[in-house]
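Report on the structure
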Amino acid sequence: MEQIGTYLLAFVETGGLLAPIVFISFHLIRPLLFLPVVVICISGGIIFGTVAGTVYSIIGITLSSIFFYGMIRWMPKSLTSFVRLREKWAGKHTTLTASQIALLRLIPFIHFHLLSLYLIEISHDFKDYTKVSLLSNIPLAVVYTSIGQHLTSLSPMSVLLFVTILFVFIYMFRQKKMIMKWQDFF
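Residues numbered from 1 in each chain as written. Predicted model: local features only at pLDDT ≥ 70, side-chain atom pairs only at ≥ 80, totals over all residues. Heavy atoms only, no water.

Let us look at the packing of helix H4 (residues 50–74) against helix H7 (residues 112–122). At their nearest, the axes of H4 and H7 sit 10 Å apart, and the two run at 70° to each other. In terms of axis orientation, H4 runs roughly perpendicular to H7. Crossing geometry of H4 relative to H7 is assigned as right-handed. Between H4, through Ile61, Ser64, Ser65, Phe68, Tyr69, Ile72 and Arg73, and H7, the contact on the second element is made entirely by Phe112, His113, Ser116, Leu117 and Ile120. Here the contact of H4 with H7 is built from residues that sort into seven nonpolar, four polar and one charged. (Axes fitted to C-alpha atoms, helices over the stretch in contact; angles between N-to-C directions. Helix = DSSP H or I, 4+ residues; strand = E, 2+ residues; numbered from the N terminus. Parallel < 35°, antiparallel > 145°, perpendicular 65-115°, else oblique. Left-handed = near helix turned anticlockwise from the far one by under 90°. Contact = heavy atoms within 4.5 Å. Nonpolar A, V, L, I, M, F, W, Y, C, P; charged D, E, K, R; others polar.)

This is the structure:
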């Protein structure tokens, strides 16, 4: 584990401008890889440290939000499916403020682009959306990049112990019954 961390730090130090560009581009391809934003931000804290990782994460997350804005405008059917998902999640008449969205982005299990849809709905134009998106992305990047930086100070055994305990809790709190429809059984 320590050798991998040393190798990554050596790559970042010798990579020059290429390492931040690759990291920012991971934010752009993250939705295609089905990775949570939190994972990329934490890895930014591990690789680049708190300050640089936060700046790179803010740039990457904001570019990802801008890319989402363009894709939604380019593919209106995706917009309708996101609106249906939003209505299932929060109801038809629920509106959120930018501050609420910034806080909700701190919860890792809430879909990032679903919250971006709320930002699209409350913003007037692209410039307003970009500003509100940037401001709502800052707490997410700061918190999770700081967590990533603090993970580097932990020993590999404590990280392994934490992950093991996490998996035990996930196993304990799983749904213990399975419902199968009659047609699926036969």
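Still more to cover.
Next up on the list: the confidence of the model for the protein. Looking at the protein as a whole, its pLDDT mean stands at 82, while 83% of the residues score no less than 70. Mean pLDDT across the elements of the protein bottoms out in helix H1 (residues 2–15) (63) and peaks in H4 (92). (pLDDT = per-residue confidence, 0-100.)

For helix H5 (residues 76–90), which comprises 15 residues, the first-to-last C-alpha distance of 21 Å matches the rise-based estimate of 21 Å (1.5 Å per residue) to within 8%. Backbone geometry just downstream of H5 places glycine 91 in the positive-phi region, at approximately 95°. (Expected span 1.5 Å × (residues − 1).)

Moving on, we come to unusual backbone geometry. A positive phi angle, near 60°, is found at phenylalanine 34, a position not held by glycine. Residue position: phenylalanine 34 is located in the loop between helix H2 (18–33) and helix H3 (37–48). Of the residues examined, phenylalanine 34 reaches a relative accessible area of 74% and is grouped as exposed. (Buried < 20%, exposed > 50% of the residue type's maximum accessible area, 1.4 Å probe, protein only.)

Take the packing of aromatic side chains next. Overall, the coordinates contain four aromatic pairs when judged by the stated rule. Centre to centre, the rings of phenylalanine 23 and phenylalanine 48 are 5.3 Å apart; their planes meet at 70°, and the pair counts as edge-to-face. Taken together, the residues span a long stretch of sequence, with phenylalanine 23 in helix H2 and phenylalanine 48 in helix H3 at a distance of 25 residues. A connected cluster of aromatic rings, assembled from ring pairs, spans Phe23, Phe48 and Tyr56. Of note, arginine 105 hangs over the ring of phenylalanine 112, and the distance from its end group to the ring centre comes to 4.1 Å. (Phe/Tyr/Trp six-rings, centres within 6.5 Å; stacked < 30°, edge-to-face > 60°. Lys NZ or Arg CZ within 6 Å of the ring centre and 35° of its normal.)

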